[in-house]
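Report on the structure
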Amino acid sequence: QQQVKQSPQSLIVQKGGISIINCAYENTAFDYFPWYQQFPGKGPALLIAIRPDVSEKKEGRFTISFNKSAKQFSLHIMDSQPGDSATYFCAASLEHRDDKIIFGKGTRLHILP
Amino acid sequence: DAGVTQSPTHLIKTRGQQVTLRCSPKSGHDTVSWYQQALGQGPQFIFQYYEEEERQRGNFPDRFSGHQFPNYSSELNVNALLLGDSALYLCASRPGTGVIRTQYFGPGTRLLVL
């Protein structure tokens, strides 16, 4: 049973454009929603995270939008750059209970120069 | 300050063999988790160690076992290797206490089972 569903599987965006990746979750007990960025040959690195009491969080060019009632959240990358080309994973955890991270299947993002 | 380190970086084994992977957590971290990342998939939680004990376990068979040492480093052991065990094995560490519980991942060990 996949608890975090991520789409699209791959995404191509022009430099300067907006990249949008969507995720949906099933377990309403999740209380922490991080996004990870992974470059080839590297481990995942935390990009930005949000908790369900907030509807939006922005850090630089990266914004998470969170819709608790729809059990959906999304990552927006503004002014996308070639250096943003990587695989992005949405995730969820029960941080205050057991904090194991449940990952989506990932989105391969390619920014065209 | 060194981050999470893992060894070896790559490993090739044959079916039925046993393998041991190693992880040194980030300085100041005492909790270590292991994840398996199959090609094209997101990481899947295997188990977590804190105070030298397994605290949580994901949906993995008993062929997967681990250990944590007094210096907080950890090992992942896989017995009776199957072709399906081929994957990137990631170690993540975080502080055991405190408000900030961000998990930091190492670069992983890529295991190929032939």
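Residues numbered from 1 in each chain as written. Chains lettered and ligands numbered in written order. Predicted model: local features only at pLDDT ≥ 70, side-chain atom pairs only at ≥ 80, totals over all residues. Heavy atoms only, no water.

Moving on: the overall build of chain B. A tally of regular secondary structure across chain B gives zero helices and 11 strands. Taking the principal axes of its C-alpha atoms as reference, chain B extends roughly 40 × 25 × 25 Å. Expressed as a percentage of its 114 residues, the buried residues of chain B come to 47%. Counting contacts in chain B only where the partners sit at least 6 residues apart, residues at least 24 apart contribute 53% of the total. When the accessible surface of chain B is totalled, it reaches about 5600 Å², and 51% of it is carbon and sulfur. Distance between charge centres in chain B, computed from 10 positive and 9 negative side chains, equals 8 Å. (Helix = DSSP H or I, 4+ residues; strand = E, 2+ residues; numbered from the N terminus. Buried < 20%, exposed > 50% of the residue type's maximum accessible area, 1.4 Å probe, protein only. Contact = heavy atoms within 4.5 Å. Areas by Shrake-Rupley, 256 points an atom, 1.4 Å probe, with all protein chains shown as cover. Lys, Arg positive; Asp, Glu negative; His and termini not counted. Charge placed at Lys NZ, Arg CZ, Asp CG, Glu CD.)

Our next topic: unusual backbone geometry. Geometrically, the link from Ser 7 of chain A to Pro 8 of chain A is a cis peptide bond, its omega value of -5° lying close to zero. Of note, the bond from Ser 7 of chain B into Pro 8 of chain B is cis; its omega dihedral lies within 30 degrees of zero at -10°. Mapped onto the elements, Pro 8 of chain B comes out in the loop between strand 1 (5–7) and strand 2 (10–13). In this model, Tyr 72 of chain B sits at a positive phi of 80°, which is unusual for a non-glycine residue.

Attention shifts here to the interface of chain A and chain B. Chain A puts 17 residues into the contact, and the matching count from chain B is 19 residues. The tally of links between chain A and chain B comes to zero salt bridges. Counting the contacts that link chain A with chain B gives two residue pairs in polar contact (both at pLDDT 80 or more). At the level of elements, strand 4 (33–38) and strand 10 (101–103) of chain A are the ones that each hand at least two residues to the side of chain A that touches chain B. Here the residues of the side of chain A that touches chain B are counted per class, giving seven nonpolar, four polar and six charged. (Salt bridge = Lys/Arg side-chain N within 4 Å of Asp/Glu carboxyl O. Polar contact = N/O pair within 3.5 Å; in protein donor to acceptor, adjacent residues only side chain to side chain. Nonpolar A, V, L, I, M, F, W, Y, C, P; charged D, E, K, R; others polar.)

Our focus in this paragraph is the layout of surface pockets. When its volume is computed, the largest pocket comes out at roughly 650 Å³. Gln 38, Thr 87 and Arg 108 of chain A together with Gln 37 and Gly 40 of chain B are, among the 28 residues lining the largest pocket, the residues nearest its centre. Sorting the residues of the lining of the largest pocket by element identifies strand 9 (86–93) and strand 11 (107–112) of chain A as the ones contributing at least two each. By residue class, the composition of the lining of the largest pocket is nine nonpolar, 15 polar and four charged. (1 Å grid on protein atoms, 1.4 Å probe; cavity = no way out; pocket = protein on both sides within 12 Å on 5 of 7 lines; lining within 4 Å. Points joined across faces, edges and corners; volume = space filled by probe spheres on them.)

All names here are of chain B. With respect to topology, four strands assemble into an open sheet ordered 1-3-8-7, the strand pairing being antiparallel. Because the sheet does not close on itself, it has two edges, and the strands there are strand 1 and strand 7 (64–68). Pairwise comparison of adjacent strand axes, ignoring direction, gives a mean angle of 20° for this sheet. Judged from the five bridges that link them, strand 3 (residues 19–24) and strand 8 (residues 74–78) form a sheet pairing that is antiparallel. Following the sheet pairing, Thr 20 is matched in strand 8 by Asn 77. (Pairing = 2+ DSSP bridges. Axes fitted to C-alpha atoms, helices over the stretch in contact; angles between N-to-C directions.)

We now examine the nonpolar core. Across soluble globular proteins, nonpolar side chains have a tendency to be buried as a group. Core analysis: the largest hydrophobic core is formed by 26 residues, its most contacted members being Phe 30, Phe 33, Trp 35, Phe 73, Leu 75, Tyr 88 and Leu 109 of chain A. The element best represented in this core is strand 9 of chain A, accounting for four residues. Residues Leu 21, Phe 47, Ala 87 and Cys 91 of chain B belong to the second largest nonpolar core, which totals 19 residues. (Core = buried A, V, L, I, M, F, W, Y, C linked by side-chain atoms within 4.5 Å.)

Per the stated rule, a full pass over the model turns up six salt bridges over all chains. When the shortest N-O distance is used, the salt bridge between Glu 59 of chain A and Lys 57 of chain A registers 3.6 Å. Residue class for Glu 59 of chain A comes out partly exposed when judged on its relative accessible area of 36%. Looking at Lys 57 of chain A, the relative accessible area reads 33%, which means it is partly exposed. Salt-bridge contacts for Glu 75 of chain B lead to Arg 22 of chain B; the nearest nitrogen and oxygen are separated by 3.5 Å. One end of the pair, Glu 75 of chain B, is in strand 8; the other, Arg 22 of chain B, is in strand 3, and 53 residues separate them in sequence.

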